[in-house]
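# Fold and contact review
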Amino acid sequence: MPRGDERTVLIVGAGPTGLTLAIELARRGIIPRLVDRAPGPSAFVKASELQPRTLEILEDIGLVDRAMAMGTPIRRLELRAEGRSLMDVDFGHLDAPYPMKLGLGQVRTEHILSDELWRLGGGIERETRLVGLEETDAGVLAELIEPDGVARRAEFAYVVCCDGARSTVRGLLGLALEGETFPEEWILGDVRIEWDMPRDVQVAFMTGAGDEGTITCQPLPGERYQVAAPRTISPGAPESSDRPTLPELQDRFDRVADLPGRIHDPVWLTSYRVHQRTAASLVIGRVILAGDAGHLSSPVGGVGMNTGIQDAYNLGWKLALAIEGAAAAGLVASYEAERKEAAARTLAFSARGHRIQTMGGAVRKELRNHAMRLLSRIDAPGDANFREQSQTSLGYRESPIVDEDHGVLSVVHRGPRAGDRVPDAHPVRTEEGPDRRLFQLLRGTGFDVLVIPPKDPDPGALERLRAVGAAVGRRSRLRGYVVDGPRVEGLGRIADPTGALRTRLGARGEAMFVVRPDGYIGMRAHRADPTSLADHLAGILR
């Protein structure tokens, strides 16, 4: 298919999901056509925070420093009721390079991403609507109404729908989001709060009795907070047209929060219904759904925007290979297999948190609060909950494009499996520069092969190393490294001076790992086997 100005991919929707996908393609030399029906970004957005896994993605793209400079680090979550703390979760226990959430807000996130897209040569076509789709032998014929009001048609290899819950593309395909709508309506505001709570703490107040429910206060930049609270509406009622007011939000805070505070200076106030829904398919021929267009979750846990960004990060490298004619059959389809399962797990997590937080009935609330007080005496429940929320524990072990060598158990102990996110490690040392973290070494758009030789290589092991080096050297999309091993043509050398890398990978002897462009382990093998490497790559690359 053609590249560059001929725009082989149409992305509909210029929110965080669409922008991330556009960047991932542009990083690989493919400039997509990115359109959005709105004249500009919306100020009324529910997403407020970036999770640790998303910060890792921004590090790979080269944007994490800017995000950290603009955002507010959130290092703790406190759940409170009836004047006392139920649970206090310290995010610093997370095994990740960014053990925190970042209060940034969707508008600022979009600003950072759009600036990067412009730098890479892309852009956003505003006030442009998709009104028709037709599958062709070569791709998809799309009809777009442009800002001048004229409808024009263009053909694309792929159309990716990133246009949110009310997706035009999904409507054209006749696909519905199937699931449920929660009974509460939520009121939401970007406000200031005068109180004594530290700025790096997110607080959720949950009453022990009555029907007031809950209120959460999420730090944002500029000494601001995003405050959210449910309000009861009649079963089956549509979304309210009554815009919430500052006195209503203050009244809810006064009745639910057990700390004094004055809410003031709102930038905006809005209300919305919460849905838990997914599309039956994410890949329909050459049309693909990502982000809220494919799945909707409760805002409890702050995972929705992050899930969309990770959809795009998973899809981008696969689409790029397909457009270049370098993808094996089924590579693009693996996006659905991997991300549909990840989204289901994320939706289940947010729904569970939603129901716990909005639980009704005085007795049930008191039992919930008592259980939380008991669990707070140990760190495990809060740490496990944040691991799930952080999305660092999500993986693709059941994916059709990952390979686990069952002989690996003899040389790998408690390490990550094929399909898991590769863990970070520090220090690792290369011949080219100073000590770095593993994630810094792996930054880029290709695949990485990590080979751990036996401590005392025999001639057979050395021959296998040379064969792997030769295989890596023949493919431009691969980089290879041997850890604490001999110099081998085709492989760079990594020193693991403290044994941190071997420990993090769980390697006790010879082993080989293939790390995908999105930072997940595509293959884990019990030795440096060029045949296993070739078989694995044949399922991904032509």
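Scroll up to find the structure this text is about.
Structure report, in brief.

Calculation criteria
Within any chain, residue numbers begin from 1 and follow the written order of that chain's sequence. Restriction of local features to residues with pLDDT of at least 70 applies here, the model being predicted, together with a cutoff of 80 or more for giving and counting side-chain atom pairs; totals for whole chains, interfaces and linings are based on all residues. Side-chain figures throughout are based on the complete set of non-hydrogen atoms in the structure, without hydrogens or water. Note on pairing: DSSP must find at least two bridges between two strands before they are called paired. Each helix is a run of H or I in the DSSP string that is no shorter than four residues. Each strand is a run of E no shorter than two, and both are numbered from the N terminus. Burial here depends on accessible area, computed with a 1.4 Å probe over protein chains only, as a share of the maximum for the residue type. Under 20% is buried, over 50% is exposed, and the range in between is partly exposed. Residue contacts are defined here by distance: any two heavy atoms, one from each residue, within 4.5 Å place the two residues in contact. All axes are obtained by fitting lines to C-alpha atoms, using only the stretch in contact for helices, and the reported angles, taken between N-to-C directions, cover 0 to 180 degrees. A cavity, in this analysis, means grid points on a 1 Å lattice covering only the protein atoms where a 1.4 Å probe fits yet has no way out; a pocket is instead an open set bounded by protein on both sides within 12 Å along at least five of seven lines, and a residue lines either one if it has an atom within 4 Å of a point. Grid points are joined across faces, edges and corners, and a volume is the space filled by probe spheres set on the points. Residue polarity follows a fixed list, in which Ala, Val, Leu, Ile, Met, Phe, Trp, Tyr, Cys and Pro are nonpolar, Asp, Glu, Lys and Arg are charged, and the others, Gly among them, are polar. Arc definition: it is the arc formed by the directions from the helix axis to the C-beta atoms. Polar contacts, as used here, are pairs of N or O atoms within 3.5 Å; protein pairs need one atom able to donate a hydrogen and one able to accept it. Residues neighboring in sequence count only if both atoms are side-chain atoms.

## Observations concerning the sheet that holds strand β26 (residues 511-515)
Across the sheet, seven strands lie side by side as β21-β27-β26-β23-β24-β25-β22; this open sheet has mixed pairing. Taken across any chain shown, the strands that pair with only one partner, and hence form the sheet edges, are β21 (403-404) and β22 (429-430). Here five bridges tie strand β23 (residues 447-452) to strand β24 (residues 478-483), and the two strands are oriented parallel to one another. Bridging from a neighbouring strand, Phe 447 pairs with Leu 478 of β24.

## Observations concerning the environment of Ala 343
With respect to the helices and strands, Ala 343 occurs in helix α8 (residues 334-357). By relative accessible area, Ala 343 is classed as buried at 2%. Ala 343 sits 210 residues away from Leu 133 along the chain, and the two C-alpha atoms are 26 Å apart.

## A short note on the sheet that holds strand β2 (residues 33-36)
Pairing is mixed in the open sheet, where six strands are placed in the order β8-β2-β1-β12-β19-β18. The open sheet terminates on both sides in strands that have one partner only, identified here as β8 (125-126) and β18 (283-284). Pairing analysis gives two bridges linking β18 to strand β19 (residues 287-289), with the strands arranged antiparallel. If you follow Ile 284 over to β19, its bridge partner there is Val 287. Docked against the sheet, helix α1 (residues 16-26) engages β1 (9-12), β2 and β12 (158-161), running at close to 160° with respect to β1.

## What about the layout of surface pockets?
Estimates place the volume of the second largest pocket at around 560 Å³. As for the second largest pocket, its lining consists of 22 residues, and the residues nearest its centre are Ser 393, Leu 394, Gly 395, Arg 397 and Asp 420. When residues in the lining of the second largest pocket are grouped by element, the largest group, five residues, is from α8. Partitioned by chemical class, the residues of the lining of the second largest pocket number seven nonpolar, five polar and ten charged.

## Here we look at α1
Here α1 lies mainly inside the structure; eleven of its eleven residues are buried. When we look at burial in α1, the residues that qualify are Pro 16, Thr 17, Gly 18, Leu 19, Thr 20, Leu 21, Ala 22, Ile 23, Glu 24, Leu 25 and Ala 26.

## Quick notes on helix α14 (residues 530-538)
Buried residues of α14: Leu 533, His 536 and Leu 537, and no others. Buried residues along α14 cover an arc of 95° about the axis, so they all sit on one side. Against the buried residues of α14 lie β21, β23, α12 (459-473), β24, β26 and β27 (521-525). The backbone nitrogen of Thr 531 lies 3.0 Å from a side-chain oxygen of the residue at the head of α14, namely Asp 529.

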